[in-house]
Amino acid sequence: MNTHAPSFFSPSVLSASALGRRQFLQRTAAWAVAGAASAAGLQHGLAQAAPKQSPAQFTPPPMQAREVAPGCYYVEGLSALGSPENQNFISNAGFVVTSESVVVIDALGSPALAKRLLAEIAKVTDKKVSHVVVTHYHADHVYGLQVFADLGAQILAHQAGREYLHAETAQLRLEASREELAPWVDAQTRLVQATQWLEGSQRLQVGDTELQLELLGPAHTPEDLAVYLPKQRLLYAGDLVFRSRIPFVGQADSRSWIEGLEKLLKFDTEVIIPGHGPVSTEARKDMQLTRDYLLYLRQTMGKAAYDMTPFDEAYAATDWSEFEHLPLFDAANRMNAYNTYLLMEHEQD
Ligand SMILES: [Zn+2]
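Note that the structure is predicted; figures quoted are calculated from it, not measured.

### Quick look at the overall build of the protein chain
Inference 1: Each helix and strand counted, the protein chain has 10 helices and 12 strands in total.
Inference 2: Buried residues in the protein chain amount to 43% of all 349 residues.
Inference 3: Taking the contacts inside the protein chain whose residues are at least 6 apart along the sequence as the reference set, 66% of them involve residues at least 24 apart.

Right under this line is the structure:
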């Protein structure tokens, strides 16, 4: 049996045993064709009606590069969870057109999206992509990397990303994504190593453009990296700065995250492109909001952990009025507080 065809549908939905073998093969072939047609259509930015019964009949969300400073662009993903319908377009990517070539910041959440990003780049320049800078190795920021690697681009990332790639979780995550995000993430989607693992912050000069690669992890992840363009006063901040919303703290090391934000606050930044959500021209305000929220979590939950106040009691007694008007407060705050409570217990050991 053609082992490539099943990538166009979810094996859990249908199996060869559930259908007659002949019928199964016919359908599989039809889907493979529909999938290829769909991918071709996407490269031209077309939303097409796929044939009936095709799981590839998605209308992917639009992608349009926006110039936020001379030569500096970004595309904005949806505020949603990754799904077959949205091609995993749930994060942002940026690109900078220099006098020599193009530097891309993050590779988006599937190879199909990375190809669409290339198409957006081609609309504004004929220059090649020479570098891709990875802000961190979360799936929605890196599953498109292979498209740029195959074109010979250099891939730069914080050396801590190497540990993640070698850990079993990265492989398990990819396997799960191949099911959940088929056909956009499939058996051909692979984890891509950096061509250069950075050991410290450094300056990258490409043509006439200076980029400062700032290693900030561990913060949101162990391998966080931000890209600052001093001339443009522009910061590609990855997931270190959440805009006008409650951050997702997860298992993050919030103490280092705050230190990273303090470092970023020292830059003379006018514009921030966050890893998610729209561009910001209130750079300081957004960074301060993220920092103040993390500080407040640590202060309140730290005291509760120190006093051995049970979490539920401490949570209910905490004044959240400064933050509860922010989007995603209901979805994220309690979990953020709980994770911080556990973290603070641990820090006090
Ligand atoms: Zn992210």
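### A look at the sheet that holds strand 6 (residues 154–158)
Inference 1: With mixed pairing, seven strands are arranged side by side in an open sheet as 1-2-3-4-5-6-7. Either end of the sheet is taken by a strand with one partner, and the two such strands are strand 1 (66–69) and strand 7 (196–198). Across this sheet, the average inter-strand angle for adjacent strands is 25°, counted without regard to direction.
Inference 2: Pairing geometry for strand 5 (residues 129–133) and strand 6, over three bridges, is parallel. Note on strand 6: the bridge partner recorded for Val132 is Ile155.
Inference 3: Packed on one face of the sheet, helix 2 (residues 111–124) meets strand 2 (72–75), strand 3 (93–97), strand 4 (102–105) and strand 5 and runs near 30° to strand 3.

### Section: the sheet that holds strand 9 (residues 209–215)
Inference 1: Here we have five strands laid out as an open sheet, ordered 8-9-10-11-12, and mixed in their pairing. Edge positions in the sheet fall to strand 8 (202–206) and strand 12 (271–274), since each of these pairs with one other strand and no more. Each strand of the sheet is rotated relative to its neighbour by a mean of 20°, with strand direction disregarded.
Inference 2: The pairing of strand 11 (residues 234–238) with strand 12 spans four bridges and is classified as parallel. Note on strand 12: the bridge partner recorded for Gly238 is Pro274.

### Brief notes about the pairing of strand 1
Within a regular strand, side chains alternate between the sheet's two faces.
Inference 1: The pairing of strand 1 with strand 2 spans three bridges and is classified as antiparallel. Across the sheet, Arg66 pairs through a bridge with Tyr74, a residue of strand 2.
Inference 2: In textbook terms, the turn of a hairpin is the stretch between consecutive antiparallel strands, and for strand 1 and strand 2 this stretch comprises two residues, one of which, Gly71, has a positive phi near 80°.

### Considerations on the confidence of the model for the protein chain
Inference 1: Residues with a pLDDT of 70 or more make up 84% of the protein chain, whose mean pLDDT is 85.
Inference 2: This model gives residues 1–55 a pLDDT under 50, and the stretch forms 56 contacts once residues within four places in sequence are excluded.

### Things to note about the nonpolar core
Soluble, globular proteins show a tendency: their nonpolar side chains are buried together.
Inference 1: Core analysis: the largest hydrophobic core is formed by 82 residues, its most contacted members being Val104, Val132, Val134, Phe148, Ile155 and Ala226.
Inference 2: It is helix 8 (residues 283–307) that provides the largest number of residues to this core, a total of nine residues.
Inference 3: Two domains share this core, each providing at least three of its residues, namely domain 2 (66–242 + 251–283) and domain 3 (295–347).

### Overview of helix 2
Inference 1: Taking 1.5 Å of rise per residue, the 14 residues of helix 2 would be expected to cover 20 Å, and the 21 Å separating its terminal C-alpha atoms lies within 8% of that figure.
Inference 2: Burial in helix 2 covers these residues: Pro111, Ala112, Leu113, Ala114, Arg116, Leu117 and Ile121.

### A few points about helix 7 (residues 254–265)
Inference 1: Between its terminal C-alpha atoms helix 7 stretches 16 Å, which fits the 16 Å expected from 12 residues at 1.5 Å a residue.
Inference 2: The complete set of buried residues in helix 7 reads Ser254, Trp257, Gly260, Leu261 and Leu264. Buried residues in helix 7, looked at end-on, bunch into an arc of 110°, giving them a common side.
Inference 3: Buried residues in helix 7 make contact with strand 10 (225–229), strand 11, helix 8 and helix 10 (329–347).

### What about the packing of helix 7 against helix 8?
Inference 1: Look at helix 7 against helix 8: their axes get within 10 Å of each other, and the N-to-C directions meet at 155°. The angle between helix 7 and helix 8 places the two elements in the roughly antiparallel class. Our pair here, helix 7 against helix 8, has a crossing hand that is left-handed. Taking contact as the criterion, the partners of Ser254, Trp257, Ile258, Leu261, Leu264 and Leu265 in helix 7 are, on helix 8, Arg284, Met287, Thr290, Arg291, Leu294, Leu295, Leu297 and Arg298.
Inference 2: A class-by-class count of the residues in the contact of helix 7 with helix 8 yields nine nonpolar, two polar and three charged.

Reading the values: rules and limits
Residues numbered from 1 in each chain as written. Predicted model: local features only at pLDDT ≥ 70, side-chain atom pairs only at ≥ 80, totals over all residues. Helix = DSSP H or I, 4+ residues; strand = E, 2+ residues; numbered from the N terminus. Buried ≥ 20, exposed ≤ 12 C-beta atoms within 10 Å, placed from the backbone. Contact = placed C-beta atoms within 7 Å. Pairing = 2+ DSSP bridges. Axes fitted to C-alpha atoms, helices over the stretch in contact; angles between N-to-C directions. pLDDT = per-residue confidence, 0-100. Core = buried A, V, L, I, M, F, W, Y, C linked by C-beta atoms within 7 Å. Domains from an automatic or database assignment. Expected span 1.5 Å × (residues − 1). Arc of directions from axis to C-beta. Parallel < 35°, antiparallel > 145°, perpendicular 65-115°, else oblique. Left-handed = near helix turned anticlockwise from the far one by under 90°. Nonpolar A, V, L, I, M, F, W, Y, C, P; charged D, E, K, R; others polar.

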